[in-house]
Amino acid sequence: MKIIDLVTENCVRLLEGEFGLEVFKTTTYMKDVVKINPDYLNSFIVLRGYVPSVFAFSYEKTLIEFIFKKFVNGIDVDATELELYKEESAGEIMNMTIGNSLRDFKSVKSPIKLSPPVVHRGSRNLINKEDTEFYSSKIVTSRGKLHIYLLIRPMTGVSYEEIKNSGR
């Protein structure tokens with residue numbers, strides 16, 4: 001799965017280049033993920049096109065707090081909006097990473113369309129079903145870990161509403 005490698009590489013470049021994070025290690029797991037244990041903050045994007053799939057980014061609290069502070073550096077943020085800004089930061093990291101990766105990923109079958117990111121706090125565990133393939137990468141940085149998951153359901157696809165309502 002070239003796409004999980006592209007997304008991981010683009011995410012590492014973004015974390016190092018834009019946020020000055022030191023990336024210690026990346027690990028990719030192919031086809032052996034049975035269960036996803038979401039972390040502190042989780043963002044999801046549905047991909048439509050050649051292969052219906054979902055990307056999920058799961059951030060440790062220390063990492064998303066560091067990224068959030070970099071995003072709002074120099075901006076006055078009302079205390080009541082801190083959590084909203086953290087969620088926006090998680091969604092924006094995902095948007096930039098997936099967008100850059102799809103630019104590099106050439107689908108000859110059909111164009112790939114993206115849903116807007118959906119962000120959940122501490123979403124429920126996701127269990128691998130028979131018709132779903134799970135792939136994942138783990139990025140270990142100087143400020144915490146980021147897990148990237150790719151879920152592919154070639155037979156049925158995944159609806160945006162499914163993801164939007166999954167953590168509630």
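For clarity, every value in this text was computed on a predicted model and none was experimentally measured. (Residues numbered from 1 in each chain as written. Predicted model: local features only at pLDDT ≥ 70, side-chain atom pairs only at ≥ 80, totals over all residues. Heavy atoms only, no water.)

(A) Structural view of the side chain of S89. Relative to the helices and strands, S89 is located in helix α3 (residues 82-104). Not counting residues within four places of it along the chain, the set of residues in contact with S89 comprises I64, I67, F68 and F71. (Helix = DSSP H or I, 4+ residues; strand = E, 2+ residues; numbered from the N terminus. Contact = heavy atoms within 4.5 Å.)

(B) Region of the structure containing the pattern of salt bridges. What the rule picks out here adds up to 5 salt bridges. In this structure, the salt-bridge partner of E83 is R121, at a minimum N-O distance of 2.5 Å. With E83 in helix α3 and R121 in strand β6 (residues 118-121), this residue pair connects regions lying 38 residues apart in the sequence. Note on R121: relative accessible area 31%, which makes it partly exposed. When the shortest N-O distance is used, the salt bridge between R121 and E87 registers 3.4 Å. (Salt bridge = Lys/Arg side-chain N within 4 Å of Asp/Glu carboxyl O. Buried < 20%, exposed > 50% of the residue type's maximum accessible area, 1.4 Å probe, protein only.)

(C) Representation of helix α1 (residues 2-19) within the structure. Its 18 residues place the ends of α1 25 Å apart at the C-alpha level, agreeing with the 26 Å of an ideal helix rising 1.5 Å per residue. Taken residue by residue, α1 has I3, I4, L6, V7, T8, N10, C11, V12, L14, L15 and F19 as its buried positions. G20 sits one or two positions beyond α1 and adopts a positive phi of about 65°. (Expected span 1.5 Å × (residues − 1).)

All quantities given are derived from atomic positions and should not be read as evidence of function.
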